[in-house]
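What the coordinates show
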Amino acid sequence: MAVREGKEQDPRIPRIASSIRVVPDFPKKGIMFQDITTLLLDPKAFKDTVDLFVERYTGRDISVVAGVEARGFIFGPPIALAIGAKFVPLRKPKKLPGEVISENYVLEYGTDCLEMHVGAVQPGERALVVDDLVATGGTLCAAISLLERAGAEVVECACVIELPELKGRERLNGKNLYILMESH
Amino acid sequence: MHLYFFGMLSLSFLHKVPLIRSPLLPQPSSTSRLSPSLLCFHKPSFRLPSIRSMASEGAEDHRLKRIASTIRVIPDFPKPGILFQDITTLLLEPEAFRDTIDMLVERYRDKGISVVAGVEARGFIFGPPIALAIGAKFVPLRKPKKLPGEVISEEYSLEYGTDKMEMHVGAVQAGERALVVDDLIATGGTLAAAMRLLERVGAEVVECACVIELPELKGRDKLDGRPLFVLVKAA
């Protein structure tokens, strides 16, 4: 795991990075899967991860934290609770029980769809999108679209890990991306 | 405006307190900041138990009242006849979400619990904040083929057919004390499978904790005597 170089090298990050397990050939051959479940087994690393995001987003008038199913559900709520924002789950089709808006997005083969409850977000709200990892950026892009269609302003996307070679950063409709570490 | 309120939610402060069906007070929600479409999230006909019938402290009453009042009931989801308890509206109220976590943390801190296991996916919303607050690790219990490493699997029954729940090998050590968390217990099949996974690796399941119970489905009976704690019971 390559820890991001630069002026913002927080001393907590190396421990977080070392707690993430790489599982080769999952979900298919050639993919080096970044497994954050091992981070969650280290209470200090997990707390530090959340703290790093909370420190960045406290006091910025963010009222919505949107988390992408399912690993965004692990990191998003603790951030939302700490900054006093609501948590909005963005889910695969047919999981949310109420009226939804849907956004399709492209996968390597085929398409998928992300949904958000109507009424969860109000126009003018400032929102953060959270997921464990950004790869191609397709999922985050769909998440941003859903929030903007509801009239929210997406302040930033936040992920623990970025796979920079997949250039997801360029697919975020001009929104800024904040990450704790890169993996090459 | 859609009307979603066909069920009644009542509160239990201890799981020994009987289900309360008394007429309730209207919820003084913060409707001033709700748009008309959001008003359907906070249902005027949702009624709350009278404070006098609760044998507990005033502060706890207030927190449970607010938690219960934020849960939305959606009829006929996922299929006709089912009244779905939607916790996403609770998550839209930061104070209610905070109170939900606080009440569970108060119960479980200082109990030597080193593992909080959350059932995919709504258990992922409530489990991690509890784990963080009590200094425990969080272990996700997932549908098949989601966890990338070596797993152990536990099969459980659905109404039609079966499903499987998985946990990473090595996530939990023998002798650890564990809490299982999910948003809701219905038939108890999912929680029972979760308990079995933890016990197979030698952990002790101290308790199962849910925000909501549907007592008529008798899920509690499936837990083999293991304690269940819930904040709210839904008729």
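Residues numbered from 1 in each chain as written. Chains lettered and ligands numbered in written order. Predicted model: local features only at pLDDT ≥ 70, side-chain atom pairs only at ≥ 80, totals over all residues. Heavy atoms only, no water.

On a plain count of helices and strands, chain A comes out with 5 helices and 10 strands. Compactness check: chain A gives a C-alpha radius of gyration of 16 Å against a globular reference of 16 Å for 184 residues, within 12% of the reference. C-alpha atoms of chain A, sized along the principal axes, occupy 40 × 40 × 30 Å. By the burial criterion, 58% of the 184 residues in chain A qualify as buried. Sequence-distant contacts in chain A: of pairs separated by 6 or more residues, those separated by 24 or more amount to 58%. (Helix = DSSP H or I, 4+ residues; strand = E, 2+ residues; numbered from the N terminus. Rg over C-alpha atoms; globule rule 2.2 N^0.38 Å. Buried < 20%, exposed > 50% of the residue type's maximum accessible area, 1.4 Å probe, protein only. Contact = heavy atoms within 4.5 Å.)

For the rest of this paragraph, the subject is the interface of chain B and chain A. Every contact between the two is made by 40 residues of chain B and, on the other side, 38 residues of chain A. In total, about 3000 Å² of surface goes out of reach between chain B and chain A, with carbon and sulfur atoms giving 70% of it. Ranking the residues of chain B by area buried against chain A places Leu92, Leu132 and Pro148 of chain B at the top, with a combined share of 19%. The interface formed by chain B and chain A holds 0 salt bridges in total. (Buried area = accessible area lost by both parts, 1.4 Å probe. Salt bridge = Lys/Arg side-chain N within 4 Å of Asp/Glu carboxyl O.)

Given a rise of 1.5 Å per residue, 13 residues ought to cover 18 Å, and the 19 Å separating the end C-alpha atoms of helix H2 (residues 58–70) of chain B matches this to within 8%. Asp61, Arg63, Leu64, Lys65, Ile67, Ala68, Ser69 and Thr70 of chain B are the residues of H2 of chain B that are buried. (Expected span 1.5 Å × (residues − 1).)

All names here are of chain B. Inspection of every chain in the model, using the stated rule, returns 31 salt bridges over all chains. A salt bridge links arginine 63 to glutamate 106; its shortest N-O distance comes to 3.0 Å. Residue arginine 63 is found in helix H2, and its partner glutamate 106 is found in helix H4 (residues 94–108); the two are separated by 43 residues along the sequence. A salt bridge links glutamate 154 to arginine 200; its shortest N-O distance comes to 2.7 Å.

Residues and elements named next belong to chain A. This model, assessed by the stated rule, comprises 8 aromatic pairs over all chains. Judged by centre distance (5.0 Å) and plane angle (85 degrees), the rings of phenylalanine 26 and phenylalanine 33 are edge-to-face. Judged by centre distance (6.4 Å) and plane angle (85 degrees), the ring pair of tyrosine 57 and tyrosine 178 falls under edge-to-face. Taken as a pair, tyrosine 57 in helix H3 (residues 43–57) and tyrosine 178 in strand E10 (residues 177–182) lie far apart in primary sequence, 121 residues in all. Residues tyrosine 57 and tyrosine 178 agree in their burial class; the two are buried. One aromatic cluster is present, built from ring pairs that chain together Phe53, Tyr57 and Tyr178. (Phe/Tyr/Trp six-rings, centres within 6.5 Å; stacked < 30°, edge-to-face > 60°.)

Let us now look at the confidence of the model for chain B. Residue and element names in this part refer to chain B. Mean pLDDT for chain B: 81, with 76% of residues reaching 70 or above. Contacts of residues 1–56 to residues separated by more than four positions or lying in other chains number 118 contacts, the stretch itself having pLDDT below 50. Per the prediction output, this complex has pTM 0.87; the corresponding ipTM is 0.96. (pLDDT = per-residue confidence, 0-100.)

We now examine the packing of helix H4 (residues 72–83) of chain A against helix H5 (residues 123–134) of chain B. Running from amino to carboxyl end, H4 of chain A crosses H5 of chain B at an angle of 60 degrees, the nearest separation of the two axes being 8 Å. Here H4 of chain A lies oblique to H5 of chain B, going by the angle between them. Of the two possible hands of crossing, H4 of chain A and H5 of chain B adopt the one that is right-handed. Two secondary-structure elements touch here, H4 of chain A through Phe73, Ile74, Pro77, Pro78 and Leu81 of chain A and H5 of chain B through Phe124, Ile125, Pro128, Pro129 and Leu132 of chain B. Grouping the amino acids of the contact of H4 of chain A with H5 of chain B by side-chain chemistry returns 10 nonpolar, no polar and no charged. (Axes fitted to C-alpha atoms, helices over the stretch in contact; angles between N-to-C directions. Parallel < 35°, antiparallel > 145°, perpendicular 65-115°, else oblique. Left-handed = near helix turned anticlockwise from the far one by under 90°. Nonpolar A, V, L, I, M, F, W, Y, C, P; charged D, E, K, R; others polar.)

Here we take up the side chain of glutamate 213 of chain B. All names here are of chain B. Locating glutamate 213 in the fold gives a position in strand E11 (residues 204–213). Side chain to side chain, glutamate 213 and arginine 220 meet in a polar contact 3.0 Å long. In contact with glutamate 213, not counting residues within four places along its chain, are Ile185, Arg220, Leu228, Val230, Val232, Lys233 and Ala234. (Polar contact = N/O pair within 3.5 Å; in protein donor to acceptor, adjacent residues only side chain to side chain.)

Another point: the side chain of glutamate 103 of chain A. Residues and elements named next belong to chain A. Looking at the secondary structure, you find glutamate 103 in strand E6 (residues 100–106). On the basis of relative accessibility, which here comes to 19%, the residue glutamate 103 falls in the buried class. Within the structure, the side chain of glutamate 103 is placed 2.7 Å from the side chain of arginine 149, a separation counted as a polar contact.

Residues and elements named next belong to chain B. With their axes 9 Å apart at the nearest point, H2 and H4 run at an angle of 125 degrees to one another. Considering their axes alone, H2 and H4 lie oblique with respect to each other. For the element pair H2 and H4, the recorded crossing hand is left-handed. In this structure, H2 contributes Glu60, Arg63, Leu64, Arg66, Ile67 and Thr70 to the contact, and H4 contributes Glu95, Ala96, Asp99, Thr100, Asp102, Met103 and Glu106. Among the residues making up the contact of H2 with H4, the classes are represented as 4 nonpolar, 2 polar and 7 charged.

Our focus in this paragraph is the environment of threonine 100 of chain B. All names here are of chain B. Along the chain, threonine 100 turns up in helix H4. Residue threonine 100 is classed as buried on the basis of its relative accessible area, which comes to 0%. Distance in space between the C-alpha atoms of threonine 100 and leucine 90 is 9.0 Å, their sequence separation being 10 residues. Discounting chain neighbours no more than four positions away, the residues touching threonine 100 are Ile67, Leu90, Phe126, Val211 and Leu231.

Cis rather than trans, the peptide bond between glutamate 69 of chain A and alanine 70 of chain A has omega equal to -10 degrees. Relative to the helices and strands, alanine 70 of chain A resides in the loop between strand E4 (64–68) and H4. Residue proline 78 of chain B is reached from phenylalanine 77 of chain B by a cis peptide bond, and omega for that bond is 0 degrees. Within the fold, proline 78 of chain B resides in the loop between strand E4 (72–75) and strand E5 (83–86). Phi is positive for aspartate 25 of chain A, which is not a glycine, with a value near 60 degrees. Its place among the elements puts aspartate 25 of chain A in the loop between strand E2 (21–24) and strand E3 (32–35). Residue aspartate 25 of chain A is classed as partly exposed on the basis of its relative accessible area of 40%. Phi is positive for aspartate 76 of chain B, close to 60 degrees, though the residue is something other than glycine. Looking at the element boundaries, aspartate 76 of chain B is found in the loop between E4 and E5.

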